[in-house]
Amino acid sequence: MKERHFGPVWFIPGENRGKYPYCHSVFIPDAGILIDPASDRGRLERLREENTVREIWLSHWHEDHFMHLDLFDDLPLAISAPDTQPLSDLDALLDAYGLDEDFREYWVPLYKDLFHFRPRIPSRILEPGEIVACDSLTIQVISAPGHTPGHLAFYFQEPEVLFLGDYDLTSFGPWYGDVHSSMSSTIESVRRLQKIPAKVWLTSHETGVFENDPDQIWDKYLQVIQLREEKLLHLLGEPRSMEEIIDACIIYRKKREPRAFFEFGERAHMRKHLEKLTQEGRVVLEKGKYHLL
Ligand SMILES: [Zn+2]
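Residues numbered from 1 in each chain as written. Predicted model: local features only at pLDDT ≥ 70, side-chain atom pairs only at ≥ 80, totals over all residues. Heavy atoms only, no water.

Draft legend 1. Molecular detail of the overall build of the protein. The helix and strand inventory of the protein stands at 10 helices and 15 strands. Taken over C-alpha atoms, the radius of gyration comes to 19 Å for the protein, in line with the 19 Å a tight globule of 293 residues would show. Seen through its principal axes, the protein has C-alpha atoms that stretch 60 × 40 × 30 Å. In the protein, which comprises 293 residues, the share counted as buried stands at 56%. Of the contacts made within the protein by residues no fewer than 6 positions apart, 59% connect residues no fewer than 24 positions apart. By element, 49% of the accessible surface of the protein is carried by carbon and sulfur atoms, the whole surface being about 13200 Å². (Helix = DSSP H or I, 4+ residues; strand = E, 2+ residues; numbered from the N terminus. Rg over C-alpha atoms; globule rule 2.2 N^0.38 Å. Buried < 20%, exposed > 50% of the residue type's maximum accessible area, 1.4 Å probe, protein only. Contact = heavy atoms within 4.5 Å. Areas by Shrake-Rupley, 256 points an atom, 1.4 Å probe, with all protein chains shown as cover.)

Draft legend 2. Quick look at the layout of surface pockets. Roughly 1100 Å³ of volume is contained in the largest pocket. As for the largest pocket, its lining consists of 39 residues, of which Thr-170, Phe-172, Gly-173, Glu-206 and Tyr-252 are closest to the centre. When contributions to the lining of the largest pocket are tallied by element, the ones reaching two or more residues are α3 (63–66), α6 (101–113), α8 (215–235) and α10 (259–279). The dominant element in the lining of the largest pocket, judged by the number of residues it contributes, is α8, at eight residues. Formed jointly, the lining of the largest pocket draws a minimum of three residues from each of two domains, domain 1 (4–218) and domain 2 (236–292). Reported here for the second largest pocket is a volume of approximately 250 Å³. Lining the second largest pocket are 14 residues, with Met-183, Ser-184, Ile-187, Lys-272 and Lys-276 positioned closest to its centre. Of all the secondary structure elements, the ones that give two or more residues to the lining of the second largest pocket are α7 (183–194), α8 and α10. When its residues are assigned to classes, the lining of the second largest pocket shows four nonpolar, five polar and five charged. (1 Å grid on protein atoms, 1.4 Å probe; cavity = no way out; pocket = protein on both sides within 12 Å on 5 of 7 lines; lining within 4 Å. Points joined across faces, edges and corners; volume = space filled by probe spheres on them. Domains from an automatic or database assignment. Nonpolar A, V, L, I, M, F, W, Y, C, P; charged D, E, K, R; others polar.)

Draft legend 3. Spatial organisation of the packing of aromatic side chains. Taken as a whole and assessed by the stated rule, the structure comprises 17 aromatic pairs. On the numbers, 5.8 Å between centres and 75° between planes, the contact of Trp-10 with Phe-27 is edge-to-face. Taken as a pair, Trp-10 in strand β2 (residues 9–12) and Phe-27 in strand β3 (residues 25–28) lie far apart in primary sequence, 17 residues in all. Given the relative accessible area of 1%, Phe-27 is considered buried. (Phe/Tyr/Trp six-rings, centres within 6.5 Å; stacked < 30°, edge-to-face > 60°.)

Draft legend 4. Expanded view of unusual backbone geometry. Omega for the peptide link from Tyr-20 to Pro-21 comes to 10°, which places this bond in the cis form. Structurally, Pro-21 is set in the loop between α1 (15–18) and β3. Cis geometry marks the peptide bond from Glu-257 to Pro-258; its omega dihedral reads 0°. Here Pro-258 is to be found in the loop between α9 (242–247) and α10.

Written out as structure tokens, the structure reads:
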């Protein structure tokens, strides 16, 4: 993928098309603001050496957005208030994912070695609706909770560029598997972002740059949630235990390794769907199995 410049907004592609564990970064050279430093370490090192980075912003606390934050340890860090805590401590981060003990053994060394995790206290909080005026452009901070409670999108007013972060319009669909993720807020946030008039849309993963209105892609992205629910309801044609539901691989389609990633993600999302269906009075848990009502 190629680096793209939309006036004062630079799109820095992540390695491997910004697929996890990478993401695409956004850089505003005039203001020295680098958003989500987990794209390409070599490119970010060059930006660092050129002395052009003055502040790091995070769209949210996930590791595939802060992987190379260690290059900028001495610079101010900005994030939303609700997403601050997981960055302050590795246990708090693993708790925010709801990771069980046996999976933590897998993740702790990865956080240290691959993701260069070091506890960080942000030097400033990005407030929803905040307007940041720079020389060359005006940035609007947009609260877009769901994926995480404090997930932010950014609208760059003059070039009419909208950065959607992890509402990434991929065929995988949205992630809402953390303890404090919300499926309904994800849908609301995506619909709200969809209404913002823009000329260019940037996302954190894969395609990354949309220069035509991604009209139907928004719908397809959200339809993934509905499809997951339909598959689960179909599976519950007979009562199923949580383990049987996980074995159906509704999220990832087949069993994949490492379990600490894929089985965790499968369970986390199925739990959210089952909570929703239970609240709606459509599913009940009895004797360790989920039943349709
Ligand atoms: Zn994320």
